[in-house]
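Examining the three-dimensional arrangement
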Amino acid sequence: MTASGEPRDQIAIRHLGPLKGTIRVPGAKNAVLKLMAASLLADGRYELTNVPAIDDVAIMGELLAALGVRAHSPEPGRLILDNDGDLVPLAPYELVERIRASINVLGPLLTRCGEIRLSMPGGDDFGARPIDLHVASLEAMGASFKFAHGELHATADRLHGAEIALTFPSVGATENIVTAAVFAEGTTTIDNAAREPEVVDMCDLLVEMGADITGIGTSRLVVDGVERGSLKAADHRTVPDRIQAATYLAAVAVAGGELDIVEARPEHMENLLARFVEMGLDVSADAGRLHVVAEGRLHSIDVPTLPYPGIATDYKPLIITMLSVADGAGIVTENLYPGRFRYVEELIRLGANIRTTGHHAVVRGVPRLSGAPVRAHDIRAGAAMVVAGLAADGVTTVSGVQHIDRGYDDLVGRLAAVGAGIERI
Ligand code: UD1
């Protein structure tokens with residue numbers, strides 16, 4: 001540990017030349033954590049596969065254990081969850097503050113146990129992340145909330161259906177409303193629902209368990225409540241991680257070379273892939289596979305982040321890194337999290353020419369970055385620092401690696417295997 005109490009691990013990156021080979025994409029963090037939370041809804045044994053080896057899965061496992069569901073992994077990629085029905089609807093601060101997805105236990109526990117005490121959730125450090133949409137929607141379904149001493153106490157004898165129109169298609173709020181509505185009396189409709197592939201993955205598991213949900217993958221979800229006893233545990237394969245897939249695309253984009261990215265879902269990345277083609281990448285996609293060839297300098301483009309199917313905010317640090325070494329100037333507009341530009345200071349340390357004002361970053365490309373020590377401020381920004389190291393002359397060392405470990409399954413090993421000069425030190 002360092003004097004500040006941070007783990008010492010660092011990642012050192014040096015550009016050795018073009019990348020070549022095949023990278024398998026693991027399951028999505030933002031899906032598997034929600035699948036895990038959904039196991040609170042029904043007793044039995046669940047088997048999740050394509051589970052990424054990341055710290056957030058371990059933390060969610062500890063949280064589930066505190067709530068009464070045992071999680072264990074008999075081998076890499078497989079996770080067994082045992083729910084014997086003896087649940088404790090109290091989510092302790094030490095675990096909740098470590099991951100944002102802990103908020104996803106709210107819907108299941110409220111509808112299953114009639115109450116839940118939950119500390120306010122933590123997660124990445126990119127500005128205020130309110131939960132007013134979760135609270136207002138569950139109130140419309142009959143829940144009552146009290147907030148004191150950093151803890152939310154939610155109660156509901158039995159939730160009832162409601163017509164909910166979200167003012168913003170929040171991923172977490174959509175997921176909590178759906179899980180809460182599964183046992184509510186009557187029908188719940190959600191207009192302007194989030195349509196992210198990870199929301200779809202969670203809904204698919206709920207349907208496999210016996211929930212009655214229609215409109216999955218559209219912006220209008222309809223959930224007809226079922227009796228508590230009619231839901232059963234189920235097995236489910238986690239959807240591939242589009243953000244990790246994009247990370248490997250960004251890596252080859254700045255390092256040059258040719259990669260096959262397999263066990264991906266290109267259809268979940270259509271908008272992003274179209275923009276990458278505009279930037280000069282040669283990308284072809286077929287079932288479960290992306291083939292990408294990167295030759296010559298990237299071209300700059302303007303990119304706004306938007307809810308799915310728009311360009312995800314989680315791609316943004318990767319895109320800004322690519323623009324840092326592209327030909328020309330590009331403007332990136334953040335429409336989800338105004339504070340999500342902290343890693344820009346780190347890119348500037350590497351010689352990038354970026355100016356941020358409000359929601360916008362103006363990136364003027366330079367031919368190459370120049371290696372230096374930088375810090376990972378959150379999961380995606382950390383991965384972007386690693387990608388930046390591949391675009392830099394000399395050695396780049398990334399500290400704050402614990403953030404990367406929260407969401408990336410062997411980023412270093414995967415990149416090293418395709419020829420990147422990268423090691424953990
Ligand atoms: C999820 C993802 C995160 C991703 C984000 C947007 C997980 C664990 N995290 O986060 O990686 O960046 O989706 O794609 O899946 N908002 C409110 N009130 C609310 C809820 C949200 O104002 O009650 C706002 C947020 O402040 C933010 C926007 O809505 O500006 C998007 O948030 P949301 O879609 O809820 O993101 P998360 O589910 O937290």
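Up top you'll find the structure we're talking about.
Okay, so let's go over this structure. Bear in mind the structure is a predicted one, so any value in this text is a computation, not a measurement.

**Details of the overall build of the chain**
Secondary structure summary: the chain contains 14 helices and 26 strands in total. In terms of overall size, the chain behaves like a compact globule, its C-alpha atoms giving a radius of gyration of 21 Å where 425 residues would be expected to give roughly 22 Å. Principal-axis analysis of the C-alpha atoms gives the chain an extent of 60 × 40 × 40 Å. Of all 425 residues assigned to the chain, the portion counted as buried reaches 58%. Put simply, of all contacts in the chain between residues at least 6 apart along the chain, 73% involve residues at least 24 apart. A total accessible area of about 15800 Å² is found for the chain, and carbon and sulfur atoms account for 50% of it.

**Considerations on the packing of helix α10 (residues 316-324) against helix α12 (residues 379-390)**
Geometrically, a packed helix pair is captured by the angle between its two axes and the distance between the axes. With their axes 8 Å apart at the nearest point, α10 and α12 run at an angle of 25° to one another. The pairing of α10 with α12 is recorded here as roughly parallel in orientation. Between α10 and α12 lies a crossing whose hand is right-handed. Contacts between α10 and α12 pair P317, L318 and T321 from the former with R380, A381, A383, A384, V387 and A388 from the latter. Classifying every residue of the contact of α10 with α12 by side-chain character gives 7 nonpolar, 1 polar and 1 charged.

**What to know about the site of the ligand**
As a structural note, the neighbourhood of the ligand is formed by 20 residues, with D132, L133, S170, D314 and L336 the closest of them. Between an oxygen atom of the ligand and a main-chain N or O atom of L133, the distance comes to 2.7 Å. One of the backbone nitrogen or oxygen atoms of L336 is found 2.5 Å away from an oxygen atom of the ligand. Summarising the interface, the protein chains cover 89% of the accessible area of the ligand, which totals 740 Å² for the free molecule. Of all the secondary-structure elements, those providing two or more residues to the shell around the ligand are α1 (29-38), α5 (132-140) and α6 (171-181). Looking at the shell around the ligand, the element that brings in the most residues is α5, giving 3 residues. Class assignment of the residues belonging to the shell around the ligand gives a composition of 9 nonpolar, 5 polar and 6 charged.

**Quick word on the pattern of salt bridges**
Within this structure, the stated rule accounts for 23 salt bridges. Here E258 makes a salt bridge to K20, at a shortest N to O gap of 3.9 Å. Placement of the pair is E258 in strand β15 (residues 257-262) and K20 in strand β2 (residues 19-24), with a sequence separation of 238 residues. Taking the relative accessible area as the measure of exposure, K20 reaches 59% and is therefore exposed. A salt bridge links R289 to D260; its shortest N-O distance comes to 3.6 Å. On the criterion of sequence distance, the pair formed by R289 in strand β17 (residues 289-294) and D260 in strand β15 is long-range, its members being 29 residues apart. Judged by relative accessible area, R289 falls into the partly exposed class, the value being 36%. Bridged by salt links that share partners, the residues D9, D405 and R424 form one connected network.

**With respect to helix α9 (residues 270-278)**
The complete set of buried residues in α9 reads L272, L273, R275 and F276. One side of α9 holds all its buried residues, which, seen down the axis, span an arc of 160°. Each element contacted by the buried residues of α9 is listed here: α8 (242-255), β16 (282-286), β17, β18 (303-304) and α10. Where α9 terminates, the next one or two residues include G280, which has phi positive at roughly 115°.

**Section: the sheet that holds strand β26 (residues 421-424)**
The strands making up a sheet are joined through hydrogen bonds of the backbone, oriented either antiparallel or parallel. If you trace the 4 strands from one edge of the open sheet to the other, you get β23-β25-β1-β26, paired in mixed fashion. Across the chains shown, the open sheet's two edge strands, defined by having one partner strand only, are β23 (373-375) and β26. The average angle at which neighbouring strand axes cross in this sheet is 20°, direction not considered. In the sheet, β23 pairs with strand β25 (residues 395-399) via 3 bridges, with the strands oriented parallel.

**Considerations on the packing of aromatic side chains**
Enumeration over the complete set of coordinates arrives at 0 aromatic pairs. Cation over ring: K316 sits above F341, and NZ or CZ is 4.2 Å from the ring centre.

Definitions and limits used
Residues numbered from 1 in each chain as written. Predicted model: local features only at pLDDT ≥ 70, side-chain atom pairs only at ≥ 80, totals over all residues. Heavy atoms only, no water. Helix = DSSP H or I, 4+ residues; strand = E, 2+ residues; numbered from the N terminus. Rg over C-alpha atoms; globule rule 2.2 N^0.38 Å. Buried < 20%, exposed > 50% of the residue type's maximum accessible area, 1.4 Å probe, protein only. Contact = heavy atoms within 4.5 Å. Areas by Shrake-Rupley, 256 points an atom, 1.4 Å probe, with all protein chains shown as cover. Axes fitted to C-alpha atoms, helices over the stretch in contact; angles between N-to-C directions. Parallel < 35°, antiparallel > 145°, perpendicular 65-115°, else oblique. Left-handed = near helix turned anticlockwise from the far one by under 90°. Nonpolar A, V, L, I, M, F, W, Y, C, P; charged D, E, K, R; others polar. Near = heavy atom within 4 Å. Polar contact = N/O pair within 3.5 Å; in protein donor to acceptor, adjacent residues only side chain to side chain. Salt bridge = Lys/Arg side-chain N within 4 Å of Asp/Glu carboxyl O. Arc of directions from axis to C-beta. Pairing = 2+ DSSP bridges. Phe/Tyr/Trp six-rings, centres within 6.5 Å; stacked < 30°, edge-to-face > 60°. Lys NZ or Arg CZ within 6 Å of the ring centre and 35° of its normal.

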